[in-house]
Amino acid sequence: MRELALNVLDIAENSLAAGAKLIGISLSFNIAKDTMRIDICDDGCGMDEETVKKVTDPFTTSRTTRSVGMGLPLFKYSAESAGGSFRISSRKGKGTTVSAEYRISHIDRMPLGDFGGVALQLVTMNPGVDFCISVTDGERAGVLDTRDVKEILGEDIPLGAPEVRAFLKDYIRENLVSIYGGRL
């Protein structure tokens, strides 16, 4: 993967496959401290301790179509090769949290990429799941919580409706993407 936003999409798809009904995605960064952190947490089926220990091995996967799983191993590698760290915690029946930290200025840090586009795709293409997506730089913060949007819209208007999608695209750009601009 050539951008971190695609890693976020891949990990969120793991959450969807694990039956998550609420997925939280947060991007926090501090330019002055040269740090960026991405957290993805879900309320899916979770994993036992033994699986958590093995899940960053590319030859460990729950897929039946192939015997290699690259999402978590690549996410871990992207963080550690950019002077950062990676953590995963999970409890069977409770959910999973994946955290990756980066040194922003590190030469090997992949660009963030189209985080806003990934957020829009996840929110509009998964109507049965709620997302809470946040971005903060320590001074400014933006949040998109689909539970709030659904409450305002009511049950009859889906988030994927063209008018709602256009609104969400603008909202994400103005309230999430504008915080980091082109700096990541």
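Scroll up to find the structure this text is about.
Summary of the structure given here. Values in this document were obtained by computation on a predicted structure and should not be read as measured data.

Some details on the packing of aromatic side chains
Piece 1. Following the criterion strictly, the structure yields 3 aromatic pairs and no others.
Piece 2. Taking 6.1 Å as the distance between ring centres and 85° as the angle between the ring planes, the aromatic pair formed by Phe 75 and Phe 86 counts as edge-to-face. With Phe 75 in helix H3 (residues 71-80) and Phe 86 in strand E3 (residues 85-91), the pair connects residues that are 11 residues apart, well separated along the chain. Residue Phe 75 shares its accessibility class with Phe 86, and that shared class is buried.

Notes on the nonpolar core
Piece 1. Judged by nonpolar contacts, the single largest core of 50 residues is most densely connected at Ile 25, Leu 27, Ile 38, Phe 75, Tyr 102 and Phe 115.
Piece 2. In this structure Ile 38 touches Leu 4, Val 8, Ser 26, Leu 27, Phe 75, Val 98, Ser 99, Ala 100, Tyr 102 and Leu 112, once residues within four positions along its chain are discounted.

With respect to the packing of helix H1 (residues 4-17) against H3
Piece 1. Where H1 contacts H3, the two axes come as close as 9 Å, and the packing angle between them is 145°. Along this stretch, H1 crosses H3, giving a crossing that reads as left-handed. From H1, Leu 4, Asn 7, Asp 10, Ile 11 and Asn 14 reach across to H3, where they touch Gly 71, Leu 72, Leu 74, Phe 75 and Ser 78.
Piece 2. Along the lines of polarity and charge, the residues of the contact of H1 with H3 split into 5 nonpolar, 4 polar and 1 charged.

So, the pairing of strand E4 (residues 95-103)
Side-chain direction in a regular strand flips from residue to residue, so the side chains alternate between the two faces of the sheet.
Piece 1. Both strand E2 (residues 35-42) and E4 contribute to a ladder of 8 bridges, which runs antiparallel. Of the residues in E4, the one forming a bridge with Asp 42 is Thr 96.
Piece 2. Relative to E4, E3 runs antiparallel, the two sharing 7 bridges. Paired with Arg 87 across the two strands is Ser 99, which belongs to E4.
Piece 3. Joining the antiparallel neighbours E3 and E4 is a turn of 3 residues, in which Gly 93 adopts a positive phi near 80°.

Description of the sheet that holds E2
Paired through backbone hydrogen bonds, the strands of a sheet run either parallel or antiparallel to each other.
Piece 1. With mixed pairing, 6 strands are arranged side by side in an open sheet as E3-E4-E2-E1-E5-E6. Since the sheet does not close on itself, it has two edges, and those belong to E3 and strand E6 (141-145), each with one partner. Taking each pair of neighbouring strands and ignoring which way they run, the sheet shows an average axis angle of 5°.
Piece 2. Here strand E1 (residues 22-30) pairs with E2 via 8 bridges, running antiparallel. Bridge assignment links Ser 28 to a residue of E2, and that residue is Arg 37.

Points about the pattern of salt bridges
Piece 1. Taken as a whole and judged by the stated rule, the model has 12 salt bridges.
Piece 2. Here Arg 103 makes a salt bridge to Asp 34, at a shortest N to O gap of 3.5 Å. Taken together, the residues Arg 103 in strand E4 and Asp 34 in the loop between E1 and E2 connect sequence positions 69 residues apart.
Piece 3. Its relative accessible area of 38% is what places Arg 103 among the partly exposed residues.
Piece 4. Accessibility expressed as a relative area gives 17% for Asp 34, which makes it buried.
Piece 5. Among the salt bridges present, the one from Arg 140 reaches Asp 137, with a minimum N-O distance of 3.3 Å.
Piece 6. Since its relative accessible area comes to 40%, Arg 140 is described here as partly exposed.
Piece 7. For Asp 137, a relative accessible area of 15% corresponds to the buried category.

What counts, and at which threshold
Residues numbered from 1 in each chain as written. Predicted model: local features only at pLDDT ≥ 70, side-chain atom pairs only at ≥ 80, totals over all residues. Heavy atoms only, no water. Phe/Tyr/Trp six-rings, centres within 6.5 Å; stacked < 30°, edge-to-face > 60°. Helix = DSSP H or I, 4+ residues; strand = E, 2+ residues; numbered from the N terminus. Buried < 20%, exposed > 50% of the residue type's maximum accessible area, 1.4 Å probe, protein only. Core = buried A, V, L, I, M, F, W, Y, C linked by side-chain atoms within 4.5 Å. Contact = heavy atoms within 4.5 Å. Axes fitted to C-alpha atoms, helices over the stretch in contact; angles between N-to-C directions. Left-handed = near helix turned anticlockwise from the far one by under 90°. Nonpolar A, V, L, I, M, F, W, Y, C, P; charged D, E, K, R; others polar. Pairing = 2+ DSSP bridges. Salt bridge = Lys/Arg side-chain N within 4 Å of Asp/Glu carboxyl O.

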